[in-house]
Amino acid sequence: MSQSSEFRFTFLSHDHNIELSSAHLTAEDMGLPSDIAIECKLQTLRGGKQQGSKLITLTVGDKVLRVIPTRAMAILDASRSELRYGWDSPVTEVVHPSFINQEASGGLGWLDGFNEMLVRCGYQWAGHPGEDNGDMLTLHGRIQNTPADEVVLTVEQYPPYRVTLSGRVDEKRFKFTNFEVLTELSLTPDEPYIHIQDTLTNLSNYDNTYQAIYHNNFGAPLLEEGATLHVAATQISPFNVYAVNGVHEWDKLSAPTKNFDEMVFNVLPIADEEGMSHALMKNAAGDAAIEVSWAQDTLPVLTLWKNTDTIEQGYVVGIEPGTSFAYNRKHQWNLGLVPTIKGKASKVFKIRFGLLTDSESINASVTKINTLQLTPMLVSNNPLVDL
């Protein structure tokens, strides 16, 4: 157990072990050749609701990531060759969890800090707020508003010079939950991929239920009129009655539209021979895209969230693999989407982001997805739950 409340950030390599409170590390500082494009900056933010928030800016090759250790190691945004992956929320600050009241507005207070590309939802519960078995569950669980501890940057000293940023996030409550999440983000200078591997461990002696949704969010410039979604699935259905109106055009994306209420779709994805499922969002020209891939054994379902409202309101689409859909937990018991983790056991969640910036790689991703669709996808008009 940590004996200090101070944030701890350590850089590790074969001959370096440096504990940092604030830093700007270059390749040479890390013991690498000076021509290797790797650097890391750690900032403590000041002013407004971001007072005390930590922000790590990691440059690896032509990719730049901004990671928030004070918000469960969320990815604020990423870029590759100046193409930004992320979105513009009305929430413009990196809000410190101390300013979040998740119980506010009937359990919607989580939204007061929502602006990241990668948001972890869970792990005791995830989904919409509401009561389940006598418990008031706030929106998308507690983990996102929990600071990480033991944040470590590890850089391999030989090609391909893999960079790994890891952290530990605890979700614990006496008599209820004793979860530990070890997060790991890794990438290399020469690949267009960001790899996420999270290990959830139930430190309790007793079995417990859990839920997880990886709320991955993307806006302009990828999102625009004529942009499209691609996923192989056995079935897609509307989240609610409102989404019935758009389920047959689930793959088409529109320009910012005033008074567009969010449309959400439940997807049963198909995995490839390696157990990975894939979804792609590409721009209208087909020369920029985000590919989201995930291990289906622990994240068996996919939520597609279309929120193509005005720019000022938050013009964004979510590609969200999870153990569960976005319904309140009370609706998911009968769907078999409230899994159990045994005492002292672990579950591993794997996500990969492909930052694709050329038509050749994008076409290859679309072909890969289309190849998995051996039979036509069932497009249902019926929501899984009667809300």
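Only a predicted model underlies this, so the values are computations on that prediction, with no experimental measurement involved. (Residues numbered from 1 in each chain as written. Predicted model: local features only at pLDDT ≥ 70, side-chain atom pairs only at ≥ 80, totals over all residues. Heavy atoms only, no water.)

Undergrad: An account of the nonpolar core is requested, with residue identities and associated values reported.
TA: With 77 residues, the main nonpolar core has M281 and F353 as its most contacted residues. Beyond its immediate stretch of four places on either side in the chain, F353 contacts I75, M117, L118, P192, Y193, I194, I196, N216, F218, I290, E291 and V292. In this structure, V264, V301, W305 and L337 belong to the second largest nonpolar core, which totals 18 residues. (Core = buried A, V, L, I, M, F, W, Y, C linked by side-chain atoms within 4.5 Å. Buried < 20%, exposed > 50% of the residue type's maximum accessible area, 1.4 Å probe, protein only. Contact = heavy atoms within 4.5 Å.)

Undergrad: Residues and numbers for the pairing of strand β14 (residues 177-187), please.
TA: The element β14 is largely enclosed, with a buried count of 8 among its 11 residues. Examined bridge by bridge, strand β13 (residues 163-173) and β14 share 11 bridges and lie antiparallel to one another. Within the sheet, the bridge partner assigned to T164 lies in β14 and is S186. Here 8 bridges tie β14 to strand β15 (residues 193-202), and the two strands are oriented antiparallel to one another. Residue pairing in the sheet places L182 in a bridge with T199 of β15. (Helix = DSSP H or I, 4+ residues; strand = E, 2+ residues; numbered from the N terminus. Pairing = 2+ DSSP bridges.)

Undergrad: Tell me what's going on with the confidence of the model for the protein, and back it up with residues and numbers.
TA: Summarising the model, the protein shows a mean pLDDT of 94, and 95% of its residues fall at 70 or more. Within the protein, the lowest mean pLDDT, 54, falls on strand β2 (residues 16-20), and the highest, 99, falls on strand β22 (residues 289-295). Within the model, pLDDT remains below 50 along residues 1-6, and this stretch shows 2 contacts once partners closer than five positions in the same chain are excluded. (pLDDT = per-residue confidence, 0-100.)

Undergrad: An account of the environment of S359 is needed here, citing residue identities and associated values.
TA: Positionally, S359 belongs in helix α3 (residues 359-372). When neighbours within four sequence positions are excluded, S359 is seen to be in contact with G286 and D287.

Undergrad: Mind laying out the pattern of salt bridges, listing which residues take part and the relevant values?
TA: In the structure shown here, the tally under the stated rule is 17 salt bridges. With a closest N to O distance of 3.7 Å, D62 and K63 form a salt bridge. Since its relative accessible area comes to 0%, K63 is described here as buried. When the shortest N-O distance is used, the salt bridge between E171 and R142 registers 3.7 Å. Taken as a pair, E171 in strand β13 and R142 in the loop between β11 (135-137) and β12 (149-155) lie far apart in primary sequence, 29 residues in all. A single network of salt bridges, built from pairs that share partners, joins R66, D77, R84 and D88. (Salt bridge = Lys/Arg side-chain N within 4 Å of Asp/Glu carboxyl O.)

Undergrad: Give a description of the layout of surface pockets that names residues and reports values.
TA: Estimated volume of the largest pocket: approximately 510 Å³. What lines the largest pocket is a set of 23 residues, among which L111, F114, E262, W305 and N307 lie closest to the centre. Considering each element in turn, the lining of the largest pocket owes the most residues, 3 residues, to strand β23 (residues 301-308). Residue composition of the lining of the largest pocket, grouped by class: 12 nonpolar, 7 polar and 4 charged. (1 Å grid on protein atoms, 1.4 Å probe; cavity = no way out; pocket = protein on both sides within 12 Å on 5 of 7 lines; lining within 4 Å. Points joined across faces, edges and corners; volume = space filled by probe spheres on them. Nonpolar A, V, L, I, M, F, W, Y, C, P; charged D, E, K, R; others polar.)

Undergrad: Go over α3 with me, naming the residues and quoting the values.
TA: Between its first and last C-alpha atoms α3 spans 20 Å; for 14 residues at 1.5 Å apiece the expected length is 20 Å, and the two agree. Residues I362, S365, V366, I369 and L372 constitute the buried set of α3. Buried residues along α3 cover an arc of 120° about the axis, so they all sit on one side. Across from the buried face of α3, at angles greater than 90 degrees, the exposed residues are E360 and T371. Its buried side turned inward, α3 meets β18 (228-231), β21 (276-282), β22 and β26 (346-356). A side-chain oxygen of the first residue of α3 lies 3.2 Å from the backbone nitrogen of E360; this N-cap is D358. (Expected span 1.5 Å × (residues − 1). Arc of directions from axis to C-beta. Polar contact = N/O pair within 3.5 Å; in protein donor to acceptor, adjacent residues only side chain to side chain.)

Undergrad: So, unusual backbone geometry: which residues are in play, and what are the values?
TA: Note: most residues except glycine have negative phi, and most peptide bonds are trans. Residue Y123 follows G122 across a cis peptide bond; omega there is -5°. Mapped onto the elements, Y123 comes out in strand β9 (residues 118-123). That bond from A220 to P221 is cis: its omega, 10°, falls within 30 degrees of zero. On the secondary structure map, P221 appears in the loop between β17 (211-218) and β18.

Undergrad: I'd like to hear about the pairing of strand β20 (residues 263-269), residue by residue, with values.
TA: The buried fraction of β20 is high, at 6 of 7 residues. In this sheet, β20 lies alongside strand β19 (residues 233-238) in antiparallel orientation, the contact comprising 5 bridges. Paired with P238 across the strands is F265, a residue of β20. Sheet topology note: the β20/β23 ladder contains 5 bridges and is antiparallel.

Undergrad: Which residues make up the side chain of H230, and what values do they have?
TA: Along the chain, H230 falls in strand β18. For H230, the side chain forms a polar contact with the side chain of T228, separated by 2.9 Å. In this structure H230 touches H278, A279, L280, K282, V366 and I369, once residues within four positions along its chain are discounted.

Undergrad: Give me the lowdown on empty space enclosed by the protein, citing residues and values where you can.
TA: In total, this model carries 1 cavity of 30 Å³ or more according to the counting rule given. Residue lining of the largest cavity: V67, M73, I75, L118, R120, L165, T183, E184, L185 and I196, and that is the complete set. Class assignment of the residues belonging to the lining of the largest cavity gives a composition of 7 nonpolar, 1 polar and 2 charged.

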